[in-house]
Structure formats: structure tokens, C-alpha cells
Amino acid sequence: MRYIAKDKPLAARKFKNALLLEIKKISSNPYSFRKSIYFDNEEIRDLTFKGYCITFRIIMSGN
């Protein structure tokens, strides 16, 4: 975002806001994202956003 903001501050803010909206979707349905291509683990997933890959791990909270 810093790189984008150097030339286009408004575009950087839009990118950040859109990315945060996508990240928030993870908590409601993490298994809807593809299994990571980088790890051999079902609990590690990839969110692809505008050509960027955000890798995350699913951690189930215990009761």
C-alpha cells in the first residue's frame, strides 16, 4: 500500500479497504478458500486478492 500511495494515495486507500473486507470474510467461512499451494496442511489456506496471495492458518478455538 505504501508503494501504491507514493503515486496514488486514493487508490492505496481503496485497495486497503477492499483487502480488509476480503480478510474479514475469512472468519465466517475459512474453508471456502483454497488449500494453500505453499503448505501440505488442510488448515493453511490462501486468499488471492488482486494478484496477491494472503496465506493464513485456521485455528479452532477450544471450548
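I will try to describe carefully the structure that is included in this document. Here the residue numbering is sequential within each chain, running from 1 through the sequence in written order. This being a predicted model, a pLDDT of at least 70 is required before a residue's local features are given, and a value of 80 or more before pairs of side-chain atoms are given or counted; all residues contribute to the totals for chains, interfaces and linings. Calculated side-chain values reflect all of the structure's heavy atoms, with hydrogen atoms and water omitted.

Moving on: the pairing of strand β3 (residues 52–57). Only strands that DSSP links by at least two bridges are regarded as paired with each other. Per the convention used, a helix needs a DSSP run of H or I reaching at least four residues, while a strand needs a run of E reaching at least two, with both numbered from the N terminus. Alignment of strand β2 (residues 44–49) against β3, held across six bridges, turns out to be antiparallel. Looking at β3, one finds that Thr48 is bridged to Cys53. Adjacent in sequence and paired antiparallel, β2 and β3 are bridged by two residues, among which Lys50 carries a positive phi angle near 50°.

What makes a salt bridge here is a side-chain nitrogen of Lys or Arg within 4 Å of a carboxyl oxygen of Asp or Glu, nothing more. All chains considered together, the criterion is met by four salt bridges. Salt-bridge contacts for Glu22 lead to Lys25; the nearest nitrogen and oxygen are separated by 2.8 Å. You can see Glu22 and its partner Lys25 sitting in helix α2 (residues 9–28), three residues apart, about one turn around the helix. Accessibility expressed as a relative area gives 22% for Glu22, which makes it partly exposed. For the salt bridge of Arg34 with Asp46, the shortest nitrogen-to-oxygen distance reads 3.6 Å. With a gap of twelve residues between them, Arg34 in strand β1 (residues 34–35) and Asp46 in strand β2 connect regions that are remote in the sequence. Accessible area is worked out with a 1.4 Å probe on protein chains only. A residue is then buried under 20% of its type maximum, exposed over 50%, and partly exposed in between.

This part takes up the pairing of β2. When you tally the buried positions in β2, you get five out of six residues, the bulk of the element. Relative to β2, β1 runs antiparallel, the two being bridged by two bridges. Opposite Lys35, over in β2, you have Arg45 as the bridge partner.

Glancing now at the nonpolar core. By convention a nonpolar core is built from buried Ala, Val, Leu, Ile, Met, Phe, Trp, Tyr and Cys residues, the set being connected through side-chain atoms within 4.5 Å. Grouped together as the largest cluster of nonpolar side chains are eight residues: Phe15, Leu19, Ile26, Phe33, Leu47, Phe49, Phe56 and Ile58. At the level of secondary structure, the elements contributing two or more residues to this core comprise α2 and β2. Whether two residues are in contact is decided by their heavy atoms, any of which lying within 4.5 Å being enough. The contacts of Phe15, once residues within four sequence positions are left out, are Met1, Ile4, Phe49, Lys50 and Tyr52.

Another aspect to go through is the packing of aromatic side chains. Here the distance between the centres and the angle between the planes together describe a pair of aromatic rings. Centre distance within 6.5 Å is the pairing criterion for rings of Phe, Tyr and Trp, where only the six-membered ring of Trp is used; planes under 30 degrees apart are then read as stacked, over 60 as edge-to-face, and the remainder as tilted. In total, this model carries three aromatic pairs according to the counting rule given. Ring geometry for Phe15 versus Tyr52: centroids 5.7 Å apart, planes at 75°, classification edge-to-face. Here the residue Phe15 occupies a position in helix α2, and Tyr52 occupies one in strand β3, the gap between them amounting to 37 residues. Owing to a relative accessible area of 13%, Phe15 belongs among the buried residues under this scheme. Between Phe33 and Phe56 the ring centres are 5.6 Å apart and the planes differ by 90°, which places this aromatic pair in the edge-to-face class. One end of the pair, Phe33, is in the loop between α2 and β1; the other, Phe56, is in strand β3, and 23 residues separate them in sequence. Judged by relative accessible area, Phe56 falls into the buried class, the value being 12%. Among the aromatic residues, those joined into a cluster by ring pairs are Phe15, Phe49 and Tyr52.

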